Every structure is written in C-alpha cells, then in structure tokens.
Amino acid sequence: MQQIINFIIRNKRFLLFLLLFSVSIVFTIQSHSYHKSKFINSANFLTGGVYNSVNNISEYFNLKSQNQILAEENNRLKALLFNAENQLDSSYIDSVTYNGLYRIQTAKIIKNSYSLTDNFLLINKGTNDSIREDFGVITSKGVLGIIDNSSKNYSTVISVLNTTSNISAGLKKTNHIGSLTWDGESPNIVQLIDVEKIAPVAIGDTIVTSGRSSIFPKNIDIGVVEDFELDVAENYYEINVKLFNDMTNLEHVHIIENKDFKEITNLLNSH
C-alpha cells in the first residue's frame, strides 16, 4: 500500500495531466456530434473485432442447433415457392420482389443482450455493405429490431427488447394497429399499446408489422397475443405479445432496406 502511495506522490503531475486530458476528451465527445459519431464508430470497430473472435469459438460448439435453424428456414423458403401461385404469402420473403421496393441482406449476430432495460445487438455488416441507420432487422421467425449505428464492418441494432423501441404493428386478421413497445420485464413478452377498443382481440391472435412505417413491409410476423386488458379511461387495449423469436438464442438475421426511405422521410419532414 505504501508503495502505491509513493508512486502516486512521485508521479502526481503526470497523473493529474492524464486525468484532465481524459476529462477534456469526454467533454469534447459529448459536446460535438462529429466527434461523438467518430467515437461510436471506432468503438463499434474495436468491440466488434473482439466479439467476432469470441463468437467464432462459441459458434463451433453450436453447429448442430444452427444447422437445424437453417434447415427450418430452407423448408420455409421451399413452401413459399411451392405455394406462390396459389396464395399470397404474408412473410417478409415477398418483400424482396414486391414493386422492387425492398432489398434484403443477410448478416450474423456476434453480440446479443437481452437482460438489460435497453438491449442492443451487434451484427457483422456495416457501411462497407451499404448498411445504414433505420434499416429493419428480422429473422426467419419475425421482427428483431432496427439498425441504430454503423461502422465500416459492424452495426448496432436496437432490439425489440429495448424500452426506447417503438414499431408500428397490429392484428394480422384486421387492420387495427398500435405501437409495439417493451416494458423491460420478460425477454419473451412485448407490449402492443394504443389498439382501439373496437378491435376484435383474442388470445392466440397473430401480431404482425402494420406496413405503416418506412422501415418494415407489411405482415412480418412478431408474435401472438398472450393476454390483454382494456384501459377504460383511454378506450385502448394494452396487449401482451409472446414473441416468435427466442431472443436468448439468435444467430442469423436478414436486413431490410427500403430503397425509398430517404424520399419518404424527407417528404414527411417537409411538413
């Protein structure tokens, strides 16, 4: 202990300089959007490289379950192709060709949090792959989140398990919509709020994206109604939705780009 104290006394000027220098860097990053953006991108690059190495090791021991997931997805694609002439499927696959509006890319999750109040994911695609903020992210089972920030090779995703997340969603069997949020409790349950009381809600109903945003196409699966209650004062339902995705076991994702996103956003912002 005495040696530590002596070291501090001998190097007090240098240590003071380091402290003040660190504080100045923090203030610079917080007060300038350009510096803050550069810092976030650099942090994504560094942490991405570390998590990617760790993920490569853990992935080796998880090959069996991931092969099963890929097999299920291949079966889903075959079913869509075989039935395309007989029915209109409501999955995200249709959005690849629908009016040529959406572009799809695949990516891999290399970090996933689900036990916090504001959870994020890290994926191995970035600006080098034309990935940008506000792209939608889904799996073969349903909605996962929205791209928040990108560096050259990595991107962070705001998970549906994030208290700041807000996605337009509704009942698959009707056109009644609301806002998909999360109360910070269960990693399996999210909330659909602001659904009008005239909506015919029932336990087991499928919840999908509404198509009322410029991020997700219509009718991408989210989950099923677990239970619900009516706010008598506000005349709106609050619905607990059990997610189709197992948010604790994720590996491969699809990134959705709306090619008209900027045009739509600029038009809306002009009013």
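Our structure's up above, just so we're on the same page.
Residues numbered from 1 in each chain as written. Predicted model: local features only at pLDDT ≥ 70, side-chain atom pairs only at ≥ 80, totals over all residues. Heavy atoms only, no water.

## Overview of the side chain of Gln 105
- On the secondary structure map, Gln 105 appears in strand E1 (residues 102-112).
- Polar contacts involving the side chain of Gln 105 include one to the main-chain carbonyl oxygen of Asp 129, which spans 2.8 Å.
- If we skip the residues at most four places from it in the chain, Gln 105 touches Lys 125, Asp 129, Ile 131, Val 253, His 254 and Ile 255. (Helix = DSSP H or I, 4+ residues; strand = E, 2+ residues; numbered from the N terminus. Polar contact = N/O pair within 3.5 Å; in protein donor to acceptor, adjacent residues only side chain to side chain. Contact = heavy atoms within 4.5 Å.)

## Let's talk about the pairing of strand E10 (residues 221-231)
- Summarising the sheet, strand E9 (residues 206-209) and E10 pair through three bridges and their orientation is antiparallel. By the bridge assignment for E10, Val 208 is matched with Asp 221.
- Examined bridge by bridge, E10 and strand E11 (residues 236-243) share eight bridges and lie antiparallel to one another. What sits directly across from Asp 231, in E11, is Tyr 236.
- The hairpin formed by E10 and E11 contains four residues between the paired strands, and Asn 235 there has a positive phi angle of roughly 60°. (Pairing = 2+ DSSP bridges.)

## What about the packing of aromatic side chains?
- Applying the stated rule across the entire model yields one aromatic pair.
- Consider the rings of Phe 228 and Tyr 237, whose centres lie 5.6 Å apart with planes at 85°: the pair is edge-to-face. (Phe/Tyr/Trp six-rings, centres within 6.5 Å; stacked < 30°, edge-to-face > 60°.)

## Focus: a negative patch on the surface
- A contiguous patch of negative charge, built from Asp 183, Glu 185, Asp 194, Glu 226, Asp 227, Glu 229, Asp 231, Glu 234 and Glu 238, is present on the exposed surface.
- Here the negative patch gets four residues from one element, more than from any other, and that element is E10.
- Checked against the element boundaries, Asp 183 lands in the loop between strand E7 (177-181) and strand E8 (189-196).
- Since its relative accessible area comes to 44%, Asp 183 is described here as partly exposed. (Patch = residues over 30% accessible without salt bridge, like charges linked within 9 Å, V, L, I, M, F, W, Y side chains within 5 Å. Areas by Shrake-Rupley, 256 points an atom, 1.4 Å probe, with all protein chains shown as cover. Salt bridge = Lys/Arg side-chain N within 4 Å of Asp/Glu carboxyl O. Lys, Arg positive; Asp, Glu negative; His and termini not counted. Charge placed at Lys NZ, Arg CZ, Asp CG, Glu CD. Buried < 20%, exposed > 50% of the residue type's maximum accessible area, 1.4 Å probe, protein only.)

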